[in-house]
Amino acid sequence: MSDISSFYHSILAVYAAYILLILSPGPATFAIMSASMARGRKAGIATALGIFAGSFTWGLSAAFGLAAILKTYGSALEILKIFGGLYLLYLAYKAFRAARTVDAPMTVGAVSTSDMPMKTYFLRGYAIHLTNPKAIFGWLSLIALGVPQGAPASITFVIVGGCMALGFTAFMGYALLFSTHRAAAIYRSLRRWIEGTMAGFYGIAGLRLLTARL
């Protein structure tokens, strides 16, 4: 069996690709940002942990042969796409309502956060990432990129483990960065504009997901 060290170029390529994925703006990033700015560090961290859990779920699924499963149960992915698109549109609607209300309560991921427990933030983050087929295909692409023909099975778990460490660092970094006093002050002064931007972003993302060909 080939030694795993001989595939370090493939592993580094996957890590670089994953860093680009998690640094690019998306529903997950916006959810962490809004939770952190609106409701503070604990809410941001809880949301980030939910998104991390969603990423971990798809990472392990890809490692254990998700591509083969999708060939057999392709309709399940289509259903997931519909649910994901509708969920993003729901978030867009809630953000739009908040943007129109002068004294609306703070929001997380475009959902009212008046009395939301930390578990709810976690589940919101998890749902956002778990219902996004793009996350599935992203992980499948990473596994395909980093596990060439003849590579040992252990390389898959090196890739997943390394990406999870990078993802955890990035998601927690977003939560800490956007939960500062300065970020909260900016949010309070520009809340309606931020909510309006969130509404547009989630609306476009939801429509694109519903109309995308998988």
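Residues numbered from 1 in each chain as written. Predicted model: local features only at pLDDT ≥ 70, side-chain atom pairs only at ≥ 80, totals over all residues. Heavy atoms only, no water.

What about the overall build of the chain?
Then, number 1: Within the chain, the secondary structure is distributed over ten helices and two strands.
Then, number 2: Secondary structure elements of the chain occur, N-terminal to C-terminal, as α-α-α-α-α-β-β-α-α-α-α-α.
Then, number 3: Looking at the chain as a whole, 48% of its 214 residues are labelled buried.
Then, number 4: Across the chain, the fraction of contacts at a sequence separation of at least 24, relative to all contacts at a separation of at least 6, is 83%.
Then, number 5: Summed over its atoms, the accessible surface of the chain is roughly 11000 Å², and 68% of this surface lies on carbon and sulfur atoms. (Helix = DSSP H or I, 4+ residues; strand = E, 2+ residues; numbered from the N terminus. Buried < 20%, exposed > 50% of the residue type's maximum accessible area, 1.4 Å probe, protein only. Contact = heavy atoms within 4.5 Å. Areas by Shrake-Rupley, 256 points an atom, 1.4 Å probe, with all protein chains shown as cover.)

Describing the packing of helix α2 (residues 27–39) against helix α3 (residues 41–63)
Then, number 1: Put simply, α2 and α3 touch, their axes get as near as 6 Å, and they point 160 degrees apart. Considered as vectors, α2 and α3 are oriented roughly antiparallel to each other. As for how α2 packs across α3, the hand of that crossing is right-handed. Residue-level contacts link Ala28, Ala31, Ile32, Ala35, Ser36 and Arg39 of α2 to Arg41, Ala43, Gly44, Thr47, Ala48 and Ile51 of α3.
Then, number 2: Split by residue class, the contact of α2 with α3 holds seven nonpolar, three polar and two charged. (Axes fitted to C-alpha atoms, helices over the stretch in contact; angles between N-to-C directions. Parallel < 35°, antiparallel > 145°, perpendicular 65-115°, else oblique. Left-handed = near helix turned anticlockwise from the far one by under 90°. Nonpolar A, V, L, I, M, F, W, Y, C, P; charged D, E, K, R; others polar.)

Re the layout of surface pockets
Then, number 1: Here the largest pocket defines a volume of roughly 670 Å³.
Then, number 2: Taken together, 25 residues form the lining of the largest pocket, with Gly26, Pro27, Asn132, Lys134 and Ala135 sitting closest to its centre.
Then, number 3: Elements with a contribution of two residues or more to the lining of the largest pocket: α1 (8–23), α2, α6 (118–130), α7 (133–146) and α10 (191–211).
Then, number 4: In terms of residue class, the lining of the largest pocket is made up of 16 nonpolar, seven polar and two charged. (1 Å grid on protein atoms, 1.4 Å probe; cavity = no way out; pocket = protein on both sides within 12 Å on 5 of 7 lines; lining within 4 Å. Points joined across faces, edges and corners; volume = space filled by probe spheres on them.)

A few points about the packing of aromatic side chains
Then, number 1: For the coordinates displayed, the defined rule picks out five aromatic pairs.
Then, number 2: Both rings, one in phenylalanine 52 and one in phenylalanine 56, keep their centres 6.3 Å apart while their planes meet at 10 degrees; by these two values the pair is stacked. Here the residue phenylalanine 52 and the residue phenylalanine 56 both occupy positions in helix α3, the gap between them amounting to four residues, near one helical turn.
Then, number 3: By the ring-pair criterion, three or more aromatic residues cluster together here, those being Phe52, Phe56 and Phe168. (Phe/Tyr/Trp six-rings, centres within 6.5 Å; stacked < 30°, edge-to-face > 60°.)

Here we look at the environment of glutamate 78
Then, number 1: For glutamate 78, the location among the structural elements is in helix α5 (residues 74–100).
Then, number 2: You can call glutamate 78 partly exposed: its relative accessible area is 34%.
Then, number 3: Distance in space between the C-alpha atoms of glutamate 78 and proline 133 is 8.7 Å, their sequence separation being 55 residues.

Here's the deal with the nonpolar core
Then, number 1: Core analysis: the biggest nonpolar cluster contains 48 residues, and Tyr18, Trp139, Phe171 and Tyr202 have the highest contact counts within it.
Then, number 2: When contributions to this core are tallied by element, the ones reaching two or more residues are α1, α2, α3, α5, α7, α8 (154–178), α9 (181–189) and α10.
Then, number 3: At ten residues, α8 tops the list of elements feeding residues into this core.
Then, number 4: Aside from chain neighbours lying at most four places away, what touches tryptophan 139 is Tyr18, Ser55, Trp58, Gly59, Ala62, Val160, Cys163 and Met164.
Then, number 5: If you look at the next biggest cluster of nonpolar residues, it comprises five residues, including Ala35, Ala43, Ala46 and Met116. (Core = buried A, V, L, I, M, F, W, Y, C linked by side-chain atoms within 4.5 Å.)

With respect to the side chain of serine 34
Then, number 1: Mapped onto the elements, serine 34 comes out in helix α2.
Then, number 2: For serine 34, a relative accessible area of 2% corresponds to the buried category.
Then, number 3: From its side chain, serine 34 meets the backbone oxygen of alanine 31 in a polar contact 3.2 Å long. (Polar contact = N/O pair within 3.5 Å; in protein donor to acceptor, adjacent residues only side chain to side chain.)

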